[in-house]
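Topology and contacts: notes
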Amino acid sequence: MNQSSFAPIVRDYPHFLHGGDYNPEQWMATPEVWDEDFRLLKEAHCNTLTVGVFSWAALEPEEGRFTFDWLDTIFQKALDNEVRIILATPTAARPAWLAAKYPEVLRVDSQRRRQLWGGRHNHCLTSPIYRQKADIINTLLAQRYGQHPMTSVWHVNNEYNGECHCPLCQNAFRVWLQTRYNNDLDALNRAYWAGFWSHTYTNWEQIESPSPIGERQVHGLNLDWKRFTTDQTIAFFRAESKPLREITPDIPITTNYIGGYAGLDYYKIARELDVVSWDSYPDYHDREDSWRSAIFVSFLHAQRRAMLGKPFLLMECSPGVQNYKPFCKLKRPGLHLTECLQSVAGGADSILYFQWRKSLGSVEKFHGAVVDHYATSETRVFAEVAELGRVLESLNDVVGSTHRAQVGIIYDYENRWAIEDSAGPRNKDKAYAEVCTEHYRPFWQAGVSCDIISEDHSFDNYKLLIAPMLYMVRPGVAERIEQFVKNGGTFITTFLSGLTNETDLCFQNGFPGPLRELTGVWAEEIDALYDDESVPVEANPDNGYGLSGTYQAKTYCDLLHAESAQVLATYGAQFYAGKPALTVNNVGAGRAFYMASRNDTRFTTDFYTHLIDELGLRRALGVALPEGVTADVRFAGDREFIFLLNFRREAQTVELGAQSYTDRISGQPISGTTILPAYGSMVLEPQP
Ligand SMILES: [Zn+2]
């Protein structure tokens, strides 16, 4: 994992990819626009275009009749102008003729309604016809452009999402279940606790996917359906990728993930990819507290990076406005550079936009683009893009550099699905992602790198492992955590942990189930708090972990019995006043904490700041940072690149400590105290 640095994602091209989604097929009638685009690309310091996303109708206007001439022209212009091409398969939307002739390719929703043609992501994940048609067009694309010197990355499909409930998918689901349960229907019934409400299956054919007009309260079934949907998406991805792998084995393959989307298990899909990529559309909207949304964006970067343990591609962001938000705010001056350097700080080796040029019509005509409807380089957005391009060109030595996280935070999709499906202990705002982000926040604020990982990820590289709301504990996970602790690791888990197994059946040995012995506590009951309710948490004066005075708990309070664990804080009110709110259990060379409540920011900050210092975790700058300012380090061998980012709308003063740096953007030496402007950023390299 701690490799010193990686080869560039595009072979022999050690540069940040800068550019974005381009749809020349929308400008067939005015090909002079193409020439203008390539001229403007250079002016914008861009070097990469993603083409082919949603281009199927332009590539195959009738079944079996292919029209590559326009794309040939674009590739030639790319070659002439040294512009790299990320070539997409066109399968995220389909031509009308395909849906009209083969209705089976259209998706069926959970109410069993076949969708009409239109939109995007409206395809069956199982349909043999759709896979066959995808194979034909993808094979032709790979044969025609696979050897082209500008073809750099395969972008398969686009933002996979959703599920299909058609008869083909139902059959595939039953086959998937037969494999999972070894053809043993009784085993499935036991896993689903089918005696409840007379839900026992006596024939595989009786099993249907969850539906609002049928069954949706068997949690094991719901979980398996979501697992199946991920697996069926992977199966579709593999079918699409097969000709690409065969014809162009040296060109890396990716598919782009959607922000915080949690309908698919992105960790599992990542194992299929050569490089992870994702689309980031932050809300930095000029409010007093809008800087806080930067924490979750960094959280997602840390997750994407940790999936394969190497740099990823930022496949989409907006160079300007996002047209689908309730309030389509303009990007504030300077923020574009900082938002993009945040992506680079998090591990991106590209900054790619949706979109290069604005369309004249349809739903995204007002979404931000480098080139506006009035196609001039004399716009504010164009100038900020060109400025970023110049900065990226000066940072080639950052490409391929790595992170060295010593903290792992478990944020697991299957766990999330199970929590969200659960009826009780609280049904309003289960807040799993929010709680995980709250545990990440002190590290973000201190400039300490974390990996965001699944339950299945190796824990070997970490000193600190945090598992908020580890509701579902899959087989083998508790054992691996126990080994981590015995080997000297520090483990923290919280309320709502160790409740169910991989089919969402409750543990019977006292919660937190398989973590009870390790944590040394029995969580007898869970109290759900109203939104406007809080319960005081009193730190023991001699707790030894940086806690002091009274904190406030909200949302959830576990009622614990400390068994072998030592109590560090207790509740200060309610009928459970005096019961443990924070415990630690020493096991082997390590220790396991149980945090019984969702606590205020001061609590998590005090507690984790103490652990950061006690464990000697690397702070990017070695010093504390003002609120709303963060820092992250990328390493290339002995070299370090420190990204210092201000998400506040006011300038912030940062003490740099004793170390002297070179500011890689200005090229000037810098030391002592510096002022980061509003939404300002720096890339610092320590001077020897
Ligand atoms: Zn289907």
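You'll find the structure just up there.
Notes on the structure follow. (Residues numbered from 1 in each chain as written. Predicted model: local features only at pLDDT ≥ 70, side-chain atom pairs only at ≥ 80, totals over all residues. Heavy atoms only, no water.)

The subject of this paragraph is unusual backbone geometry. Here G424 and P425 are connected by a cis peptide whose omega angle stands at 5°. Mapped onto the elements, P425 comes out in the loop between α13 (413-421) and α14 (432-446). Following F511, the chain continues into P512 via a peptide bond in cis, with omega recorded as 5°. Position of P512 relative to the elements: it lies in the loop between β13 (490-494) and α16 (516-519). In this model, N182 sits at a positive phi of 50°, which is unusual for a non-glycine residue. Turning to its location among the elements, N182 is positioned in the loop between α6 (167-180) and α7 (185-191). The backbone of L496 sits at a positive phi, close to 60°, despite the residue not being glycine. Along the polypeptide, L496 turns up in the loop between β13 and α16. (Helix = DSSP H or I, 4+ residues; strand = E, 2+ residues; numbered from the N terminus.)

Now for the side chain of Q445. Of note, Q445 is situated in helix α14. Given a relative accessible area of 17%, Q445 falls into the buried group. At a separation of 2.9 Å, a polar atom in the side chain of Q445 contacts the main-chain carbonyl oxygen of P626. A distance of 3.1 Å separates a polar side-chain atom of Q445 from the backbone oxygen of V629. In this view, Q445 contacts W291, L625, P626, E627, G628 and V629; residues no more than four positions away in its chain are not counted. (Buried < 20%, exposed > 50% of the residue type's maximum accessible area, 1.4 Å probe, protein only. Polar contact = N/O pair within 3.5 Å; in protein donor to acceptor, adjacent residues only side chain to side chain. Contact = heavy atoms within 4.5 Å.)

Another aspect to go through is the packing of α14 against helix α17 (residues 601-614). Put simply, α14 and α17 touch, their axes get as near as 9 Å, and they point 55° apart. One element, α14, and the other, α17, form an angle in the oblique class. Here α14 and α17 pass one another in a crossing that is right-handed. Within the contact between the two elements, α14 uses E438, H439, R441, P442, F443 and A446 and α17 uses T601, T604, T605, Y608 and I612. Across the contact of α14 with α17, the residue classes tally to five nonpolar, four polar and two charged. (Axes fitted to C-alpha atoms, helices over the stretch in contact; angles between N-to-C directions. Parallel < 35°, antiparallel > 145°, perpendicular 65-115°, else oblique. Left-handed = near helix turned anticlockwise from the far one by under 90°. Nonpolar A, V, L, I, M, F, W, Y, C, P; charged D, E, K, R; others polar.)

What follows concerns the coordination of the zinc ion. Every protein donor of the zinc ion is listed here as C124 (SG), C164 (SG), C166 (SG) and C169 (SG), and their distances to the metal cover 2.3 Å. Relative to the metal, the four donor atoms surrounding the zinc ion lie at angles of 102 to 119°, and the coordination shape comes out tetrahedral. Sequence positions of the donors to the zinc ion reduce to the motif C-x39-C-x1-C-x2-C. With a gap of 42 residues between them, C124 in the loop between α4 (96-101) and α5 (128-145) and C166 in the loop between β4 (151-155) and α6 connect regions that are remote in the sequence. One exposure class covers both C124 and C166, and it is buried. (Donors = N, O, S within 2.8 Å, 3.2 Å for Na, K, Ca; no water. Tetrahedral: all angles 85-135°; square planar, octahedral: opposite > 155°, others 65-115°.)

Attention now moves to the pairing of strand β16 (residues 550-562). Across a regular strand the side chains alternate sides, sitting on one face of the sheet and then on the other. Relative to β16, strand β14 (residues 521-528) is paired through seven bridges, and the arrangement is antiparallel. If you follow I526 over to β16, its bridge partner there is D558. Relative to β16, strand β15 (residues 535-539) runs antiparallel, the two sharing four bridges. Bridging from a neighbouring strand, V537 pairs with Y551 of β16. Pairing between β16 and strand β20 (residues 597-599): three bridges, direction antiparallel. Bridge pairing in β20 links K554 to R598. (Pairing = 2+ DSSP bridges.)

So, about the side chain of Q652. Within the secondary structure, Q652 sits in strand β23 (residues 652-655). Judged by relative accessible area, which is 12%, Q652 ranks as buried. Of note is the side chain of Q652, whose polar atom sits 3.5 Å from the backbone oxygen of E650. Setting aside residues no more than four positions away along its own chain, Q652 makes contact with P626, E627, V629, N646, T674, I675 and L676.

Moving on, we come to the sheet that holds strand β1 (residues 17-22). Taken together, the six strands give an open sheet; going across it, the order is β5-β4-β3-β2-β1-β9, and neighbouring strands pair in parallel fashion. Edge positions in the open sheet fall to β5 (253-254) and β9 (350-353), since each of these has one partner strand only. Pairing of β1 with β9, which is carried by four bridges, proceeds in the parallel orientation. Paired with G20 across the strands is Y353, a residue of β9. Its contacts with the sheet place helix α3 (residues 69-80) against β1, β2 (48-51), β3 (84-88) and β4, and it is angled at close to 150° to β3.

Time to look at the packing of helix α8 (residues 219-247) against α13. Packed helix pairs are specified by the crossing angle of their axes together with the interaxial distance, meaning the distance between the axes. At their nearest, the axes of α8 and α13 sit 10 Å apart, and the two run at 145° to each other. Judged by the sense of rotation from one axis to the other, the crossing of α8 with α13 is right-handed. In this structure, α8 uses H219, N222, L223, K226, R227 and T230 to contact α13, whose residues at the interface are E414, W417, A418 and D421. For the contact of α8 with α13, the residue count by class is three nonpolar, three polar and four charged.

Let's shift gears to a nonpolar patch on the surface. Side chains of W193, F196 and W197 sit close together on the surface and give an oily, nonpolar patch of about 440 Å² of accessible area. Examined against the element boundaries, W193 turns out to sit in the loop between α7 and α8. (Patch = residues over 30% accessible without salt bridge, like charges linked within 9 Å, V, L, I, M, F, W, Y side chains within 5 Å. Areas by Shrake-Rupley, 256 points an atom, 1.4 Å probe, with all protein chains shown as cover. Salt bridge = Lys/Arg side-chain N within 4 Å of Asp/Glu carboxyl O.)

Now for the sheet that holds strand β7 (residues 277-279). Here we have three strands laid out as an open sheet, ordered β6-β7-β8, and parallel in their pairing. Looking along the sheet, the strands with just one partner apiece sit at the ends: β6 (256-258) and β8 (313-316). The mean angle between the axes of side-by-side strands here comes to 40°, regardless of whether they run parallel or antiparallel. Pairing of β7 with β8, which is carried by three bridges, proceeds in the parallel orientation.

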